[in-house]
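Remarks on the overall topology
The lines below spell out each chain.
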Amino acid sequence: MGTIKIKISKEFSEAPGPRYVIEGGASGELFRKSVLSPKFREALAGSHKLVIDLDGTAGYGTSFLEESFGGLIREEGFSMEDIIKTIEIISVEEPYLKDDIHEYLTKAANAELVA
Amino acid sequence: MLNWLHKHKFHLLFIAFSLCIGFCIGKFTSVPYFEVEKKWNILTLLQVFCTLFIGIYVAGKIQKNKTEKDLLIKRIDSILEFVDECYTSVSDGEIEYSEAASRMKRASQMVTNIQQAISTLNLPNHSNEFVEILGLVREIRDLTTNTPNNLQKQVKGSNLPIEVQDGIVTLANERVNVVSMKYDSLKHKLLMLQLSLNQS
């Protein structure tokens, strides 16, 4: 079992933007579609761990993170179980972001169950 | 040894001066009903030196703690200034999305740095105050950067408290009021932290 890494500040942007592409640059939607989702698929297919390093950016808005991670369930159709099993978050600068992301995933999964 | 003497020269001068005064008073004055003992018991002498040592040690410790607390309180002052700046930037209801996010990251890091500094010193940790302060910073971040997704937009129609266009967040008046209240609470909590640090 290998490891795939994503460092958002290097591979995407040092200043993450809003939720959708139409709302502004470096959006959560763009990050999910161009970086997160392809790497997640690759990790899932090869039973690898996907390590996402959140440090080094200017800061994350709530909707950027919600769209990136909650969108994996809502828009891409991945299961909460696979995400929890595969993704590992590193956030030394803002440790509470791990809990926030878990909360976005839980809400998205619950919304899917209701729908 | 020389270093120690240099570092404590004022204390030593003060002790020497006090001994001189004591000697002079003993030599040149006579207080009725009191008599100056010409011989000193070694235990009394030890007692005097122990008292002096404890006095100097306690005074030094209190001074050191006061200096450290003053530094932390000044640092919280700079957080309060930054929080004021953040509030001004959002008070007219418009702010750049990435700026709103980065300001909140900076605020939470400034608060966390104070918390870490306190934990390295022997001061009470004030953990409840820090949980509340960081909670408020996160609430403000959510209020200023949590824009609705497409489903929420459909449900709420045009009555949205927050919108983003070209990377600029626009807040409705009601949302600005809520954000203002959160900033007031944050400033109050920071002030209370300063006060309790000062008392500890």
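Right above here is the structure, for reference.
Here's the deal with the pairing of strand β3 (residues 87–90) of chain A
Residues and elements named next belong to chain A.
- Residues of β3 alternate between two faces, with I87 and I89 buried on one and E88 and I90 left unburied on the opposite face.
- Bridging between strand β2 (residues 49–53) and β3 involves four bridges; their strand directions are parallel. Bridge pairing links L50 to I87 in β3.

A word on the interface of chain A and chain B
- Contact residues are listed per partner, giving 24 residues for chain A and 21 residues for chain B.
- Carbon and sulfur atoms supply 44% of the area buried between chain A and chain B, which totals about 1800 Å² over both sides.
- On the chain A side of the interface with chain B, the three residues burying the most area are E23, T62 and Y96 of chain A, jointly 31% of the side's total.
- On the surface where chain A and chain B come into contact, there are four salt bridges.
- Scanning the region where chain A abuts chain B turns up 18 residue pairs in polar contact (both at pLDDT 80 or more).
- At the level of elements, α3 (62–74) and α5 (96–114) of chain A are the ones that each hand at least two residues to the side of chain A that touches chain B.

What about the layout of surface pockets?
- For the largest pocket, the calculated volume is near 720 Å³.
- Lining the largest pocket are 31 residues; nearest its centre among them are R19 and E66 of chain A together with N146, N149 and Q152 of chain B.
- Going through the elements one at a time, α3 and α5 of chain A together with α5 (127–145) and α6 (150–156) of chain B are the ones with two or more residues in the lining of the largest pocket.
- In terms of residue count, α5 of chain A provides more of the lining of the largest pocket than any other element does, seven residues in total.
- Split into classes, the residues belonging to the lining of the largest pocket amount to 12 nonpolar, six polar and 13 charged.

Here's the deal with the pattern of salt bridges
- Under the counting rule described, the total for this entry stands at 23 salt bridges over all chains.
- Between K105 of chain B and E93 of chain A there is a salt bridge; the shortest N-O distance is 2.5 Å. You can see K105 of chain B sitting in helix α4 (residues 97–120) and its partner E93 of chain A sitting in the loop between β3 and α5, one on each of two chains.
- Assessed through its relative accessible area of 4%, K105 of chain B is described here as buried.
- Owing to a relative accessible area of 31%, E93 of chain A belongs among the partly exposed residues under this scheme.
- Between K187 of chain B and D84 of chain B there is a salt bridge, with the nearest N and O atoms lying 2.8 Å from each other. Of this pair, K187 of chain B sits in helix α7 (residues 173–199) while D84 of chain B sits in helix α3 (residues 42–91); the two residues are 103 residues apart in sequence, bridging distant segments of the chain.
- Connected through salt bridges with shared partners, the residues R19, R32, R41, E66, E67, R74, E75 and E76 of chain A form a single ionic network.

As for the sheet that holds β2 of chain A
Residues and elements named next belong to chain A.
- Strand order in the open sheet formed by three strands is β1-β2-β3, with parallel pairing between adjacent strands. Only two strands of the sheet have a single neighbouring strand rather than two, namely β1 (3–7) and β3. With direction set aside, neighbouring strand axes in the sheet form an average angle of 20°.
- Pairing between β1 and β2: five bridges, direction parallel. Within β2, the position partnered with I6 by the bridge is I52.

Comments concerning the side chain of K105 of chain B
- A distance of 2.5 Å separates a polar atom in the side chain of K105 of chain B from a polar atom in the side chain of E93 of chain A.
- Among all residues touching K105 of chain B, those that are not within four sequence positions of it are G56, T57, A58, G59, E93 and E94 of chain A.

Side note on the environment of D77 of chain B
All names here are of chain B.
- Assignment of secondary structure puts D77 in helix α3.
- Looking at D77, the relative accessible area reads 36%, which means it is partly exposed.
- When the C-alpha positions of D77 and K187 are compared, they lie 10 Å apart, and in sequence the two are 110 residues distant.

Thresholds applied
- Residues numbered from 1 in each chain as written.
- Chains lettered and ligands numbered in written order.
- Predicted model: local features only at pLDDT ≥ 70, side-chain atom pairs only at ≥ 80, totals over all residues.
- Heavy atoms only, no water.
- Buried < 20%, exposed > 50% of the residue type's maximum accessible area, 1.4 Å probe, protein only.
- Helix = DSSP H or I, 4+ residues; strand = E, 2+ residues; numbered from the N terminus.
- Pairing = 2+ DSSP bridges.
- Contact = heavy atoms within 4.5 Å.
- Buried area = accessible area lost by both parts, 1.4 Å probe.
- Salt bridge = Lys/Arg side-chain N within 4 Å of Asp/Glu carboxyl O.
- Polar contact = N/O pair within 3.5 Å; in protein donor to acceptor, adjacent residues only side chain to side chain.
- 1 Å grid on protein atoms, 1.4 Å probe; cavity = no way out; pocket = protein on both sides within 12 Å on 5 of 7 lines; lining within 4 Å.
- Points joined across faces, edges and corners; volume = space filled by probe spheres on them.
- Nonpolar A, V, L, I, M, F, W, Y, C, P; charged D, E, K, R; others polar.
- Axes fitted to C-alpha atoms, helices over the stretch in contact; angles between N-to-C directions.

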